[in-house]
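Fold and geometry: a report
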Amino acid sequence: MRFNTALLHKATKPDKETGATNAPICQTSAFAHDSAETLERVFAGKAQGYAYTRIGNPTVTQFEQRINALEGGVGAVACSSGMAAVTLSLLNILSAGDELIASSALFGGTIDLMGDLSALGITVRFAEHITPQELEPLINEKTKAVFTELVGNPRLDIVDIRAVADFLHNRSDPIPLIVDSTTATPYLITPLKLGADIVVHSTSKYINGSGNAISGIIVDGGRFRFPPERYPAFEKYSKFGPMAYIAKLRGGIWRNIGACLSPVNAFLNGVGLETLGLRMERLCSNALELARFFEQRGIEVNYPALERSPYYGLCQSQLGGKGGAILTIRAGSRERAFKLINSLKYALIATNIGDVRTLVIHPASTIYLHSSVEARESAGVYDDTIRISVGIEDIEDLREDFAQALDQLEG
Ligand SMILES: *Cc1c(COP(=O)(O)O)cnc(C)c1O
């Protein structure tokens, strides 16, 4: 099955009972059973079935299975938000005293989360670039995971997944690689197939596609073994073999924190997922055209599919030459950035990505408000940076809109 066919037909079938082509929304909190014995078996995981939506729901299950199939995982767990997915993917592994290495160019919310981890006794070390060379000096016996984004939002850097995964796995104490693949989506890359261990998404973004529901998901590749000598909390899950990470997550921190996905949002994501391929194709081509337009106008633009980008090579080799739908430009000053943003007719001023509409934001005064200048510049955010999340509008309209806004700036 090729990508667009898989979006429609992989891990999804018309409803058995009614033939409904869209998965019915099971908008319920609890599921009744015919005897106390049956419910006992469901609770013990000894019988198929559902008990309570925080722990499992058929609409959510179908969404999990579809994403799992697209990413090539052994199992997926959906969450109430992308941040819940990022948080739980880490807390399923890390305990007090452990260390995590993270890219310094992460989404603002994830950078903020790294600060929260220190209160739990987890130390986070930041690497400017996730490469074997920069990771090596940061690794010690307490290092239990490495976390990165691909494509970095908003620095738009691209990690060489295979090289980093090989480096982390070929050590005497292997370390798992977690990739937040929100901005790339399975349309551009399936990190598990290149050796990453766990993939997370904010499915609020490209997978939902219309900006109408907050959600996230964690997918496990099932290859990392989490040896109990180094990961003592995995002791009682070893018996699950390649499913250990997912079994621990589902039976532990995910269920207990209660960050479950609502059935309606799972349904909306399922609808959005079906056009992911079409949207990404259009988004990537609009973004590239817009990036070239800025280049021609002499505006400093960052987009990984441009020949000038330091990530052009990895964009070709790992992402099939497509650069995703986010680009950043530098307006010259904060005042000029605000004026440019305010002059746009179509682009909405909003803090989101992955919408069908073009969205713009000044990250330094919003998403990175709580970060130090050093931290935000390391994430590729300067005082004059504008982030553009390109939509599916007609490219001529987008070009004309940015042209008139630039004319106003210069005029
Ligand atoms: C938006 C985003 C998140 C957080 O997701 P929410 O659904 O907003 O909680 C995490 N990582 C990346 C790369 C994002 O863009």
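Residues numbered from 1 in each chain as written. Predicted model: local features only at pLDDT ≥ 70, side-chain atom pairs only at ≥ 80, totals over all residues. Heavy atoms only, no water.

A few words on the overall build of the protein chain. Assigned secondary structure in the protein chain consists of 16 helices and 12 strands. At 22 Å, the protein chain has a C-alpha radius of gyration in line with the 22 Å of a compact globule built from 411 residues. Along the three orthogonal principal directions, the C-alpha set of the protein chain runs to about 75 × 55 × 35 Å. Put simply, of all contacts in the protein chain between residues at least 6 apart along the chain, 72% involve residues at least 24 apart. Of the roughly 17,300 Å² of accessible surface on the protein chain, a fraction of 52% belongs to carbon and sulfur atoms. In the protein chain, 39 side chains carry a positive charge and 45 a negative one; their mean positions are 5 Å apart. (Helix = DSSP H or I, 4+ residues; strand = E, 2+ residues; numbered from the N terminus. Rg over C-alpha atoms; globule rule 2.2 N^0.38 Å. Contact = heavy atoms within 4.5 Å. Areas by Shrake-Rupley, 256 points an atom, 1.4 Å probe, with all protein chains shown as cover. Lys, Arg positive; Asp, Glu negative; His and termini not counted. Charge placed at Lys NZ, Arg CZ, Asp CG, Glu CD.)

Below, the discussion takes up the sheet that holds strand S8 (residues 300-302). Within the open sheet, the 5 strands sit side by side as S8-S9-S12-S11-S10. Their pairing is mixed. Looking at which strands have only one partner, the edges of the open sheet turn out to be S8 and strand S10 (348-349). Summarising the sheet, S8 and strand S9 (residues 326-330) pair through 3 bridges and their orientation is antiparallel. When the sheet's bridge partners are listed, Asn302 is paired in S9 with Thr328. Against the sheet, helix H14 (residues 334-343) touches S9, S10, strand S11 (359-361) and strand S12 (385-389), its axis set at about 30° to S12. (Pairing = 2+ DSSP bridges. Axes fitted to C-alpha atoms, helices over the stretch in contact; angles between N-to-C directions.)

In this section: the site of the ligand. The full set close to the ligand counts 14 residues, and Met83, Asp180, Ser202, Ser204 and Lys205 are the nearest of them. Contact distances for the ligand include 2.6 Å between a nitrogen atom and a side-chain N or O atom of Asp180. Expressed as a share of its isolated accessible area of 380 Å², the protein-covered part of the ligand is 92%. Residue classes in the shell around the ligand are distributed as 4 nonpolar, 7 polar and 3 charged. (Near = heavy atom within 4 Å. Polar contact = N/O pair within 3.5 Å; in protein donor to acceptor, adjacent residues only side chain to side chain. Nonpolar A, V, L, I, M, F, W, Y, C, P; charged D, E, K, R; others polar.)

Turning next to the sheet that holds strand S2 (residues 99-103). Either a parallel or an antiparallel arrangement is found when strands of a sheet pair, and the pairing is made through backbone hydrogen bonds. Strand order in the open sheet formed by 7 strands is S1-S7-S6-S5-S4-S2-S3, and the pairing between neighbours is mixed. At either margin of the open sheet sits one strand with a lone partner, and together these are strand S1 (75-79) and strand S3 (123-127). Taking the axes of each pair of neighbouring strands and ignoring which way they run, one obtains an average angle of 20° across the sheet. Bridge count between S2 and strand S4 (residues 143-149): 4 bridges; the pairing is parallel. Pairing of Ile101 across the sheet is with Val146, part of S4. Packing against the sheet, helix H3 (residues 58-71) makes contact with S1, strand S6 (198-202) and strand S7 (216-220), and its axis sits at approximately 130° to S1.

Counted at 1.5 Å a residue, the expected span for helix H16 (residues 395-410) with its 16 residues is 22 Å, and the 22 Å between its end C-alpha atoms agrees. Residues Ile395, Leu398, Asp401, Phe402, Ala403, Ala405, Leu406 and Leu409 constitute the buried set of H16. Where H16 is buried, its residues touch helix H12 (276-296), H14, S11 and S12. (Expected span 1.5 Å × (residues − 1). Buried < 20%, exposed > 50% of the residue type's maximum accessible area, 1.4 Å probe, protein only.)

It is worth spelling out the state of the cysteines at this point. In total, this model carries 0 disulfides according to the counting rule given. Here Cys284 stays free of any disulfide, with the sulfur of Cys315 as its closest cysteine sulfur at 8.5 Å. (Disulfide = S-S within 2.5 Å.)

Inspection of the entire model under this criterion finds 16 salt bridges. The partner of Glu99 in a salt bridge is Arg125, and the shortest N-O contact between them spans 2.6 Å. Here the residue Glu99 occupies a position in strand S2, and Arg125 occupies one in strand S3, the gap between them amounting to 26 residues. Here Arg125 falls in the partly exposed class, since its relative accessible area comes to 32%. (Salt bridge = Lys/Arg side-chain N within 4 Å of Asp/Glu carboxyl O.)

Let us look at the environment of Leu117. Residue position: Leu117 is located in helix H5 (residues 108-119). Spatially, the C-alpha atom of Leu117 lies 9.6 Å from that of Leu90, the residues being 27 residues apart in sequence. Setting aside anything within four residues of it in sequence, one finds Leu117 in contact with Leu90, Leu91, Leu100, Ile122 and Val124.

Turning next to the packing of aromatic side chains. Geometry of an aromatic ring pair is reported as the spacing of the ring centres plus the angle between the planes. Counted by the stated rule, this structure contains 11 aromatic pairs. Relative to Phe226, the ring of Phe224 lies with its centre 4.7 Å away and its plane at 70°, an arrangement referred to as edge-to-face. The pair formed by Phe224 and Phe226 is uniform in burial state, with each residue classed as buried. Between Phe224 and Tyr231, the ring centres sit 6.0 Å apart and the planes meet at 90°, which makes this aromatic pair edge-to-face. We classify Phe224 as buried; its relative accessible area is 11%. An aromatic cluster of at least three residues, connected via ring pairs, comprises Phe224, Phe226, Tyr231, Phe234 and Tyr245. Directly above the aromatic system of Tyr231 lies the positively charged group of Lys144, at a separation of 5.6 Å from the ring centroid. Positioned above the aromatic ring of Phe107 is the side chain of Lys205, whose terminal nitrogen or guanidinium carbon lies 5.0 Å from the ring centre. (Phe/Tyr/Trp six-rings, centres within 6.5 Å; stacked < 30°, edge-to-face > 60°. Lys NZ or Arg CZ within 6 Å of the ring centre and 35° of its normal.)

Per the domain assignment, the segments of the protein chain are domain 1 (3-272) and domain 2 (277-410). Taken together, the contact between domain 1 and domain 2 spans 40 residues of the former and 38 residues of the latter. Per-residue buried area on domain 1 facing domain 2 is highest for Leu156, Ile158 and Tyr206; these three make up 26% of the total on that side. Along the contact surface separating domain 1 from domain 2 lie 0 salt bridges. Among the secondary structure elements, those contributing two or more residues to the side of domain 1 that touches domain 2 are helix H1 (3-9), H5, helix H7 (161-169) and helix H8 (185-188). (Domains from an automatic or database assignment. Buried area = accessible area lost by both parts, 1.4 Å probe.)

What follows concerns the packing of H12 against H16. Contact pair H12 / H16: the axes reach a minimum separation of 10 Å and the direction vectors enclose 30°. With respect to H16, the element H12 is oriented roughly parallel. The hand of the H12/H16 crossing is right-handed. Contact residues: Asn286, Glu289, Leu290, Phe293 and Phe294 in H12; Ile395, Leu398, Arg399, Phe402, Ala403 and Leu406 in H16. Broken down by class, the residue content of the contact of H12 with H16 amounts to 8 nonpolar, 1 polar and 2 charged. (Parallel < 35°, antiparallel > 145°, perpendicular 65-115°, else oblique. Left-handed = near helix turned anticlockwise from the far one by under 90°.)

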